[in-house]
Amino acid sequence: MTPTPTTRRPREAEAIADFFSLYGLPHDSVEALSEISRLRRRNRGRPLMLPAMKFAYFLVDGCISETVQAGKTRLWRELMLFEGISNSGVLPGSFTEERINPLATNLTHGSTLTRCVFIEVPNIKLSALASSDPAIALMLARMAAKRGMLTERLYTATRASPVARVAAVLNYLAAPTRKKVIRRRQDGELVMSTTEELVASGPSQVDLSDALCLGRATVEKAIAELRQTGALRSFTPGERTNRCYPIQDRDLLRQIAMGG
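To keep things clear, this report deals only with the structure shown in the data block.

Basis of the calculations
Residues numbered from 1 in each chain as written. Predicted model: local features only at pLDDT ≥ 70, side-chain atom pairs only at ≥ 80, totals over all residues. Heavy atoms only, no water. Pairing = 2+ DSSP bridges. Helix = DSSP H or I, 4+ residues; strand = E, 2+ residues; numbered from the N terminus. Axes fitted to C-alpha atoms, helices over the stretch in contact; angles between N-to-C directions. Contact = heavy atoms within 4.5 Å. Buried < 20%, exposed > 50% of the residue type's maximum accessible area, 1.4 Å probe, protein only. Core = buried A, V, L, I, M, F, W, Y, C linked by side-chain atoms within 4.5 Å. Parallel < 35°, antiparallel > 145°, perpendicular 65-115°, else oblique. Nonpolar A, V, L, I, M, F, W, Y, C, P; charged D, E, K, R; others polar. Phe/Tyr/Trp six-rings, centres within 6.5 Å; stacked < 30°, edge-to-face > 60°. Expected span 1.5 Å × (residues − 1). Arc of directions from axis to C-beta. Salt bridge = Lys/Arg side-chain N within 4 Å of Asp/Glu carboxyl O.

**Observations regarding the sheet that holds strand 7 (residues 109–112)**
The strand order 2-7-4-5 describes an open sheet built from four strands, whose pairing is antiparallel. Only two strands of the sheet have a single neighbouring strand rather than two, namely strand 2 (47–49) and strand 5 (73–77). Here the strands of the sheet are splayed against their neighbours by 25 degrees on average, with no regard to which way each runs. Here helix 4 (residues 134–155) sits on the sheet and contacts strand 4 (63–67) and strand 5; the angle it forms with strand 5, its principal contact strand, is near 125 degrees.

Structure below.
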């Protein structure tokens, strides 16, 4: 059965194709996925629900807080797959902003911590493609494996120190961002320019403490230590400080995350 094309702007179609191309899919597989997909955007602070019903959602850009079973919180950044993983690993879940139903099963919910962009794919059509296209099935399996690996590395019980655990999560969440800065030219004139740096943005210290099952004071102390060591950059007067963690030395941050 030929998938029904989804109406969307050319730039959206290009963004969807670019996302799936990152996983090394053949051109035909990318086209098949693009034809049944569409972009969805959500502003910061919006509630999320992920019941395994009608749609699968791929997070293309942004950061979310996901509350999973037993009330555990996980923080995710772009390029993750949100799904109720079945035994076959190819049956994704869905995304909606309806009020949470406490009687629902297989429910995952949370909130957007930054402005987010998702790719929406009908569950039935994605499963059909995965069943007929080994490349798409392999892509979904790899995404599920990546999610499992990150869960094990970042959010399971460990003997690592609190500062190492906080460093690991901030290193994972870090992404390039642009900001405007005022510079003085050689002739002494002040000019506005744009610079790029790595920043882990979105989660508050409460979000980090919930995700890592650490006290808020412990997380606050760990962040202060990361700034003192130079792994995180300290703020200058007038800078945004809430939910923002600029990375000054990523190699050092990684070293601390590994216990060094």
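**Comments concerning the environment of aspartate 133**
Assignment of secondary structure puts aspartate 133 in the loop between helix 3 (123–132) and helix 4. Of the residues examined, aspartate 133 reaches a relative accessible area of 17% and is grouped as buried. Between the C-alpha atom of aspartate 133 and that of serine 29, which follows or precedes it by 104 residues, the distance is 7.4 Å.

**A look at the nonpolar core**
If you look at the biggest cluster of nonpolar residues, it comprises 39 residues, and the most contacted ones within it are Tyr155, Val166 and Leu226. For this core, the leading source of residues is helix 5 (residues 162–173), giving eight residues. Every residue in contact with valine 166, bar those within four places of it in the chain, is listed here: Leu212, Leu214, Val219, Ala222, Ile223 and Leu226. Judged by nonpolar contacts, the second largest core, of 22 residues, contains Leu39, Ala56, Ile119 and Leu129.

**What to know about the packing of helix 5 against helix 7 (residues 216–229)**
Between helix 5 and helix 7, whose axes approach to 9 Å, the crossing angle comes to 75 degrees. Between helix 5 and helix 7, the angle is such that the two are roughly perpendicular. Together, Pro162, Val163, Val166, Ala167 and Leu170 of helix 5 and Thr218, Val219, Ala222, Ile223, Glu225 and Leu226 of helix 7 make up the contact between the two elements. Residues of the contact of helix 5 with helix 7, tallied by class, amount to nine nonpolar, one polar and one charged.

**Remarks on the pairing of strand 3 (residues 55–61)**
Sheet topology places strand 3 next to strand 8 (residues 116–122); six bridges connect them, and they run antiparallel. What sits directly across from alanine 56, in strand 8, is valine 121. Of the strand pairs in this sheet, strand 3 and strand 6 (residues 80–82) are connected by three bridges, and their pairing is antiparallel. Bridge assignment links phenylalanine 58 to a residue of strand 6, and that residue is leucine 81.

**Quick look at the packing of aromatic side chains**
For the structure shown, the criterion picks out eight aromatic pairs. Their ring planes at 80 degrees and their centres at 5.9 Å tell us that tyrosine 57 and phenylalanine 118 sit as a pair that is edge-to-face. On the criterion of sequence distance, the pair formed by tyrosine 57 in strand 3 and phenylalanine 118 in strand 8 is long-range, its members being 61 residues apart. Just as tyrosine 57 is buried, phenylalanine 118 falls in that class too. Seen in terms of ring centroids, tryptophan 76 and tyrosine 172 are 6.4 Å apart; in terms of plane orientation they differ by 90 degrees. Their pairing is edge-to-face. Of this pair, tryptophan 76 sits in strand 5 while tyrosine 172 sits in helix 5, and the two are 96 residues apart along the sequence. Here tryptophan 76 and tyrosine 172 have matching classes, each one buried. Taken together through their ring pairs, the aromatic side chains of Phe19, Phe20, Tyr23 and Phe58 make up a single cluster.

**Quick look at helix 1 (residues 10–21)**
In this model helix 1 runs 16 Å from its N-terminal to its C-terminal C-alpha over twelve residues, within 8% of the 16 Å that 1.5 Å per residue would give. Taken as a whole, helix 1 has its buried residues at Glu12, Ile16, Phe19 and Phe20. Along the axis of helix 1, the buried positions cluster into a sector of 90 degrees, meaning they face one direction only. Helix 1 presents Pro10 and Arg11 as exposed residues on the side facing more than 90 degrees away from its buried surface. Elements in contact with the buried residues of helix 1: helix 2 (27–35), strand 1 (38–42), strand 3, strand 8 and helix 4.

**Thoughts on the pattern of salt bridges**
Close approach of charged atoms lets side chains of opposite charge pair. The final tally for this structure, using the stated rule, is seven salt bridges. Close ionic contact of glutamate 78 with arginine 77 constitutes a salt bridge, the shortest N to O distance being 3.6 Å. Its salt-bridge partner being arginine 243, residue aspartate 207 comes within 3.1 Å of it at the nearest N-O pair. Linking aspartate 207 in helix 6 (residues 205–212) with arginine 243 in the loop between helix 7 and strand 11 (244–246), this pair joins segments that are 36 residues apart in sequence. Classification of aspartate 207 as buried rests on a relative accessible area of 13%. Exposure remark for arginine 243: the relative accessible area of 23% places this residue in the partly exposed category.

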